[in-house]
Amino acid sequence: GAPDTMTNLYLDNMKDLDYIGFPGEILKLKNLRTLHMQHTNLEGTLPKELGDLMKMKRLKLFGNGFTGSLPTQLGFMVELEELELSENLFTGTLNSEMVNQWKLIKS
């Protein structure tokens with residue numbers, strides 16, 4: 001269906017989303033290349049299944065209340081070029097093996 005082919009999803013500044021944690025429906029969008037969920041008041045940890053979105057190029061989740069450490073499965077996003085996670089409550093350090101998989105573009 002149409003959701004299977006969705007490549008870009010923008011949910012910026014949607015403070016009235018009826019979610020607390022990361023919306024699980026997004027994890028079904030296997031062709032997703034861009035995900036912007038900035039300032040959406042989401043909380044909780046990022047699901048390890050987020051790494052299954054291996055075609056992801058731009059992941060922008062800043063300005064939320066995400067906590068915990070980043071799942072090492074994010075290393076599966078080998079096409080990742082842009083990553084913005086500031087203004088959250090993440091803890092721990094980035095796994096160097098995970099970071100080395102990414103093709104991040106320095107600005």
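Residues numbered from 1 in each chain as written. Predicted model: local features only at pLDDT ≥ 70, side-chain atom pairs only at ≥ 80, totals over all residues. Heavy atoms only, no water.

Participant: How do you make sense of the nonpolar core when you look at a structure like this?
Facilitator: Of all hydrophobic cores here, the largest spans 24 residues; its most connected members are F22, I26, L35, M37, L50, L61 and M77. Each residue touching L50, except ones within four places of it in the same chain, is listed here: F22, L27, L59, L74 and M77. (Core = buried A, V, L, I, M, F, W, Y, C linked by side-chain atoms within 4.5 Å. Buried < 20%, exposed > 50% of the residue type's maximum accessible area, 1.4 Å probe, protein only. Contact = heavy atoms within 4.5 Å.)

Participant: I keep staring at the pattern of salt bridges and nothing clicks. Help me out?
Facilitator: Opposite charge on two side chains permits them to pair, given that their charged atoms come into close proximity. All chains considered together, the criterion is met by five salt bridges. The partner of K57 in a salt bridge is E81, and the shortest N-O contact between them spans 3.6 Å. Of the two residues, K57 sits in the loop between β3 (43–44) and β4 (58–60) while E81 sits in the loop between β5 (65–68) and β6 (82–84), which places them 24 residues apart along the sequence. For K57, a relative accessible area of 23% translates into the label partly exposed. Here E84 and K60 are joined by a salt bridge, their closest N and O atoms 3.4 Å apart. One end of the pair, E84, is in strand β6; the other, K60, is in strand β4, and 24 residues separate them in sequence. Taking relative accessible area as the criterion, E84 reaches 31% and is therefore assigned partly exposed. Taking relative accessible area as the criterion, K60 reaches 13% and is therefore assigned buried. Counted as one network, the salt bridges with shared partners bring together K57, E79, E81 and K103. (Salt bridge = Lys/Arg side-chain N within 4 Å of Asp/Glu carboxyl O. Helix = DSSP H or I, 4+ residues; strand = E, 2+ residues; numbered from the N terminus.)

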